[in-house]
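The lines below spell out each chain.
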Amino acid sequence: MAAASGRAAEDPFDHCALHYVGDQEYLEGTVPFIDAALAAGDPVAVAVPGPSLRLLRGALGDAVQHVQMLDMAEVGANPGCIITKVLRDFADRHAGRRVHLIEEPTWPARTAAEYPACALHEALVNLAFTGRDAAILCPYDCAGLQAQWIADSQATHPMLVDRAGRRPSRSYDPDRVIADSNRPLDPRPWTAIERQVDRDTIDNARWFATSYGRSAGLGSLQLVDLEIAVTELATLCVLYGGGAGTIRLWSDKKQLLCEVEGIGPLTDPLAGHRPFTEDHAQGRSLLMVHHVVDLLRTYTGPCGTTARFHLRLP
């Protein structure tokens, strides 16, 4: 298998999907990528799920001490955090140098609820890193992932590599994936409870949410996260959504869900996916929510934006 390395002539950023089957093809696609970067003296980071991380550690031997190794199941459990928490964090700490990253945001254990955020993440990487001196290689398990997920990887990566070699993707269309991700959220259950929020009732909304979260079984730190997320989204309703919004809460045996409707139009696809210092106020609030919840999805329609976040029950 050819190593996924190199860069486009017109843009130093190289974003490539590695399509592999089995451990051998995984190593044939990733180890040469790492070796070439180390030989050039460039910084390298690997963020992949635990089993793949252990596989690479064993294959790299002593060279592993020169590579930042991260368990994606931990640092990227929420796909909406990966750009700022993993990719930009590493790239910004090595400003002025070409960085090489292996990131695997989509693996077979990802849930159907998480996957749209994974596909959106991969599409947004192209916007977030345009013009940057970086190479990002994204492994995709062709034996373990759904066919649609593999097809989406061809749309979100301008370059592909597999046992046949490296080539441009004929299906590259990240704008399509970004548009498809803006889909109406799944219907909420009839058991959801709701409350209106405006400038004068944000404190009451926080109490309403944390009281529900406590009864649903959230731990003390999760209650703080819930309060932060509700406060940020309710504030967006006040500032950008006409001054008021609606908060809805429900839970099942695995998670608590909170939906906030009325946070105003969301026209910037990278809002919430830039470092805090680079984003506008709306984006900073969304970034804050991404970092305290397990999953955040948004839908912007004719009447504005609805955000829904998930918190796993302990």
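Scroll up a little and you will see the structure.
Since the structure is predicted, the reported quantities are computational estimates derived from the model, not experimental observations.

Engineer: Would you mind going over the nonpolar core with me for this structure?
Structural biologist: A general trend in soluble globular proteins is that nonpolar side chains are found buried together. Core analysis: the largest hydrophobic core is formed by 37 residues, its most contacted members being Val 86, Leu 87, Leu 101, Val 125, Phe 129 and Ile 136. Every element with two or more residues in this core is listed here: β2 (44-48), α3 (72-75), α4 (82-93), β4 (99-103), α5 (115-128), β5 (134-141), α6 (147-156) and α7 (174-181). Of the residues forming this core, the biggest block, eight residues, is contributed by α5. Leaving out residues up to four positions away in the same chain, Val 125 has contacts with Phe 13, His 15, Ile 83, Leu 87, Glu 103 and Ile 136.

Engineer: Could you clarify how one ought to interpret empty space enclosed by the protein in this entry?
Structural biologist: Where empty space is left becomes clear once a probe the size of a water molecule has been rolled over the atoms. Tallying each qualifying case throughout the model produces one cavity of 30 Å³ or more. Here the largest cavity is characterised by a volume of approximately 30 Å³. For the largest cavity, the full set of lining residues is Thr 106, Tyr 115, Cys 118, Ala 119, Glu 122, Tyr 140, Trp 149, Asp 152, Ser 153 and Thr 156. Residue classes in the lining of the largest cavity are distributed as five nonpolar, three polar and two charged.

Engineer: I'm lost on the environment of Arg 274 in this one. Help?
Structural biologist: Checked against the element boundaries, Arg 274 lands in the loop between β10 (255-261) and α10 (281-292). In this structure Arg 274 comes out as partly exposed when scored by relative accessible area, which is 21%. Distance in space between the C-alpha atoms of Arg 274 and Lys 85 is 9.6 Å, their sequence separation being 189 residues. A polar side-chain atom of Arg 274 sits 3.3 Å from a polar atom in the side chain of Asp 279.

Engineer: Can you walk me through the packing of aromatic side chains in this structure?
Structural biologist: Both the distance between ring centres and the angle between the ring planes are used here to describe each pair of aromatic rings. For the coordinates displayed, the defined rule picks out three aromatic pairs. Plain terms: the ring middles of Tyr 20 and Tyr 26 are 4.8 Å apart, the flat faces sit at 80 degrees to each other, and that makes the pair edge-to-face. Here Tyr 20 falls in the buried class, since its relative accessible area comes to 7%. Seen in terms of ring centroids, Tyr 115 and Trp 149 are 4.2 Å apart; in terms of plane orientation they differ by 5 degrees. Their pairing is stacked. Of this pair, Tyr 115 sits in helix α5 while Trp 149 sits in helix α6, placing them 34 residues apart in sequence. Over the aromatic face of Phe 129 sits the side chain of Arg 132, whose NZ or CZ is 5.8 Å from the ring centroid. The lysine or arginine in question, Arg 284, covers the ring of Phe 276, its NZ or CZ lying 5.5 Å from the ring centre.

Engineer: Please explain the pattern of salt bridges as it appears in this structure.
Structural biologist: Pairs may arise between side chains of opposite charge once their charged atoms sit close together. The tally for this structure, following the rule as stated, stands at 22 salt bridges. Arg 176 is the salt-bridge partner of Asp 180, the closest N and O atoms lying 3.1 Å from each other. Residue Asp 180 and its partner Arg 176 are both found in helix α7; the two are separated by four residues, about one turn of the helix. We classify Asp 180 as partly exposed; its relative accessible area is 37%. Accessibility expressed as a relative area gives 30% for Arg 176, which makes it partly exposed.

Engineer: Please clarify how helix α2 (residues 50-60) should be interpreted in this entry.
Structural biologist: Among all positions of α2, only Gly 50, Ser 52, Leu 53, Leu 56 and Leu 60 are buried. All buried residues of α2 fall inside an arc of 160 degrees around its axis, so they share one side. Exposed side of α2, more than 90 degrees from the buried face: Pro 51, Arg 54 and Gly 58 are the residues found there. Lining the buried residues of α2 we find α1 (22-39), β2 and β3 (67-71). Following α2 by one or two positions, Gly 61 has its phi on the positive side, about 60 degrees.

Reading guide: rules and limits
- Residues numbered from 1 in each chain as written.
- Predicted model: local features only at pLDDT ≥ 70, side-chain atom pairs only at ≥ 80, totals over all residues.
- Heavy atoms only, no water.
- Core = buried A, V, L, I, M, F, W, Y, C linked by side-chain atoms within 4.5 Å.
- Buried < 20%, exposed > 50% of the residue type's maximum accessible area, 1.4 Å probe, protein only.
- Helix = DSSP H or I, 4+ residues; strand = E, 2+ residues; numbered from the N terminus.
- Contact = heavy atoms within 4.5 Å.
- 1 Å grid on protein atoms, 1.4 Å probe; cavity = no way out; pocket = protein on both sides within 12 Å on 5 of 7 lines; lining within 4 Å.
- Points joined across faces, edges and corners; volume = space filled by probe spheres on them.
- Nonpolar A, V, L, I, M, F, W, Y, C, P; charged D, E, K, R; others polar.
- Polar contact = N/O pair within 3.5 Å; in protein donor to acceptor, adjacent residues only side chain to side chain.
- Phe/Tyr/Trp six-rings, centres within 6.5 Å; stacked < 30°, edge-to-face > 60°.
- Lys NZ or Arg CZ within 6 Å of the ring centre and 35° of its normal.
- Salt bridge = Lys/Arg side-chain N within 4 Å of Asp/Glu carboxyl O.
- Arc of directions from axis to C-beta.

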